[in-house]
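Listed below are the residues making up each chain.
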Amino acid sequence: TDTCFMSVIELSVKKHHREMDYNYFEFENLPTEIIFKILDYVPYKDLSIISMVSRTFYLLATDPLLWKSYEVCYPTEPEKLISILNLNRFRKLETLHLFQGRTCSDVRMSSQQTCDIFESLENIELNLLTIQHFDLTSVSSSQLARVLCNIKSVSFNHAVKISDEQVVTIIEDMPKHGNMKAFQVEELDFSKVERKSLSRAVNSLNSFNSYYCDFSPGQFEEIFEEMAVKTNLKDLSLFNKEDLEKISPTTISKAFNNLERLYVGQCRLSAEQMFGIFIEMSQKSNLTKINLVFKDSFPYLLSSIPSDVLSKSLNSLQEIVLPFFKLSSTQMKDTLEGVAASTSNVKHLDLGANIVPDVSLDVLKKVMFKLEPNEFKFNLQGKILEIYEETILSLRQELMEKEVKQVALRVEQVKLKAESKIVRSKIVNVLTENKLLKSFLMSSDLSKVKLVLGRLAGRVQVKIVKRSKFSSSYRFSAKSRIVKKSNVFVKMKYLSNSHVCKL
């Protein structure tokens, strides 16, 4: 087991001799690739112990590929950090976070130590460097640019102190080296950088995120003009940039639609720019994710966009975040119906507090099935529950009405049965009182029949009818030698107060 193996190694280190058991020699004789694969699962603390077993294990356990995911713990004393970075095992270190601290209790670092750290970083193939609460002014502009431009992703987080000269050098060298792909900056001043240099640098990246940064007039216009024609940029985030309204709608719409991911927060765009962006998006766009997180204005920025154009634009995306924009009922309905369609690519949708319109339950279910959980999805769930409640109430009301009608019909049925019973009883009485009525009816003596029935004129209406010669019954009785029927019959109605009974 791993525990037994580590115990053997620790015992060997303590004894400091080369007396190894048979199992060790078997392990050491394995192919290097297999040993390396096994060591890849061993924690870093145990790798340090293994590296002291022998020269062979030292070379294996300190291979830079095994230590590339190592995370330097903070706070770390500057001298210790420098010694760590100078070790050959960290030559392929992927991630490093530099942090000096904000208080007196945090790590103190001299200017020379800062320079030594960046000198060590020149020999490391970093993929990600984040810097926060750090003073870079002691590092030469050329060395800082050389280190940063060879790192794939650089992030200047909060409170990074850097000179204008250093910023200019970094921006100018960025397109030359071409190794940096992502640059995230916060509270950085770019106003001293030449417009074309900044435009080339930004458009040479794959990702550029700017938060509370300062730019001179015209810098962004130059960036977007180049971005609208040709750019490597796929991911753009702009936060707290107020002068975007000055860029022409045509330029900004083409520039934004050449990207794949767009985030605009606490900025201002005009209605003409928004119209151009969504019109371009409905025709030709590389965008897959759009986050427009800033307050709407009045008249509403999206009100001039036709609902079908807006729906087509949004349903070509995978992620939509428009939490503060007001959409009309028609725009909301067309958008949701578009999301429910099989052709929609939307997986994440956030339309803020917009009222969910009256759409079919089937549409809402399909939208719910597609979307990832968020607050807007909860609003859709609320609308579905509301529809269910309304349906239940409607069914209950309909059931109550049917029950009331059924009770009324039962009462009427009982009343009709009682009246029918009375009518039958009266008919029986009439027939009982006139015992000769049956014989009279079967007789052909019409005068006698009229005389008897005349007595019942107040209660009985009588009509004496002669059979037609053309009727089948008349022809049969005329030809038959056995059956002899009268060719006269009587139609009689018995009248009660509310019903008529035919006999």
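Structure shown above.
Criteria and thresholds
Residues numbered from 1 in each chain as written. Predicted model: local features only at pLDDT ≥ 70, side-chain atom pairs only at ≥ 80, totals over all residues. Heavy atoms only, no water. Helix = DSSP H or I, 4+ residues; strand = E, 2+ residues; numbered from the N terminus. Buried < 20%, exposed > 50% of the residue type's maximum accessible area, 1.4 Å probe, protein only. Contact = heavy atoms within 4.5 Å. Areas by Shrake-Rupley, 256 points an atom, 1.4 Å probe, with all protein chains shown as cover. Phe/Tyr/Trp six-rings, centres within 6.5 Å; stacked < 30°, edge-to-face > 60°. Core = buried A, V, L, I, M, F, W, Y, C linked by side-chain atoms within 4.5 Å. Patch = residues over 30% accessible without salt bridge, like charges linked within 9 Å, V, L, I, M, F, W, Y side chains within 5 Å. Salt bridge = Lys/Arg side-chain N within 4 Å of Asp/Glu carboxyl O. Pairing = 2+ DSSP bridges. Axes fitted to C-alpha atoms, helices over the stretch in contact; angles between N-to-C directions. Left-handed = near helix turned anticlockwise from the far one by under 90°. Nonpolar A, V, L, I, M, F, W, Y, C, P; charged D, E, K, R; others polar. Lys, Arg positive; Asp, Glu negative; His and termini not counted.

**Observations regarding the overall build of the chain**
Check the secondary structure of the chain and you find 20 helices and 15 strands. Here the chain holds 503 residues, and 41% of them are scored as buried. Contacts spanning at least 24 positions in sequence make up 72% of the contacts within the chain whose residues lie at least 6 apart. Within the structure as shown, the chain displays about 29,500 Å² of accessible surface, and the carbon and sulfur contribution to it stands at 54%.

**Considering helix H8 (residues 141–148)**
Within H8, 6 of the 8 residues are buried, leaving the element largely enclosed by the surrounding structure. Contacts from the buried residues of H8 go to helix H7 (111–121), strand E2 (128–132), strand E4 (153–156) and helix H9 (164–177).

**Overview of the packing of aromatic side chains**
How two aromatic rings sit relative to each other is set out by the distance from centre to centre and by the angle between their planes. Under the counting rule described, the total for this entry stands at 15 aromatic pairs. Ring centres of Trp67 and Phe90 lie 5.6 Å apart, and the angle between their planes is 75°; this geometry places the pair in the edge-to-face category. Residue Trp67 is found in the loop between helix H5 (55–61) and helix H6 (78–86), and its partner Phe90 is found in the loop between H6 and strand E1 (95–99); the two are separated by 23 residues along the sequence. Assigned by exposure class, Trp67 and Phe90 land together as buried.

**Describing the nonpolar core**
Among the nonpolar cores identified, the biggest contains 114 residues, and Phe118 and Phe190 are the most heavily contacted of them. What Phe190 contacts, discounting residues up to four positions off in sequence, is Val167, Ile171, Phe183, Val185, Leu198, Cys213, Asp214, Phe215 and Gln219.

**Describing a nonpolar patch on the surface**
A surface patch of nonpolar side chains, amounting to about 220 Å² of accessible area, comprises Leu30, Ile34 and Ile38. Checked against the element boundaries, Ile38 lands in helix H3 (residues 32–39). We classify Ile38 as partly exposed; its relative accessible area is 36%.

**What about the sheet that holds strand E11 (residues 319–321)?**
If you trace the 10 strands from one edge of the open sheet to the other, you get E1-E2-E4-E6-E7-E8-E9-E10-E11-E12, paired in parallel fashion. In the strand order of this sheet, the two ends are held by E1 and strand E12 (348–350), each with one partner. Going from strand to strand, the sheet's axes swing by 5° on average, the running direction of each strand aside. Two strands pair when backbone bridges link them, and E4 and strand E6 (residues 182–186) are joined in this way by 4 bridges, in the parallel orientation. Among the inter-strand pairings, Ser155 is bridged to a residue of E6, identified as Gln184.

**Digging into the packing of helix H13 (residues 271–283) against helix H14 (residues 307–314)**
Axis angle and axis distance: for two packed helices, these are the angle between their axes and the distance between the axes, and together they describe the pair. Two numbers describe how H13 lies on H14: the axes approach to 8 Å, and their chain directions differ by 65°. For the pair H13 and H14, the sense of crossing is left-handed. Across the interface between the two elements, Phe278, Ile279, Met281 and Ser282 of H13 pack against Val309, Leu310, Lys312, Ser313 and Leu314 of H14. In terms of residue class, the contact of H13 with H14 is made up of 6 nonpolar, 2 polar and 1 charged.

**Quick word on the side chain of Lys377**
Here Lys377 shows up in helix H17 (residues 375–433). It is Glu372 that comes nearest to the buried, bridge-free Lys377 among opposite-charge side chains, at 8.8 Å. Beyond its immediate stretch of four places on either side in the chain, Lys377 contacts Met368, Leu371 and Glu372.

**Quick word on the environment of Ser140**
Of note, Ser140 is situated in the loop between strand E3 (134–135) and H8. Classification of Ser140 by relative accessible area gives partly exposed; the value is 37%. Measuring from C-alpha to C-alpha, the distance between Ser140 and Gln166 comes to 7.7 Å, with 26 residues separating the pair along the chain.

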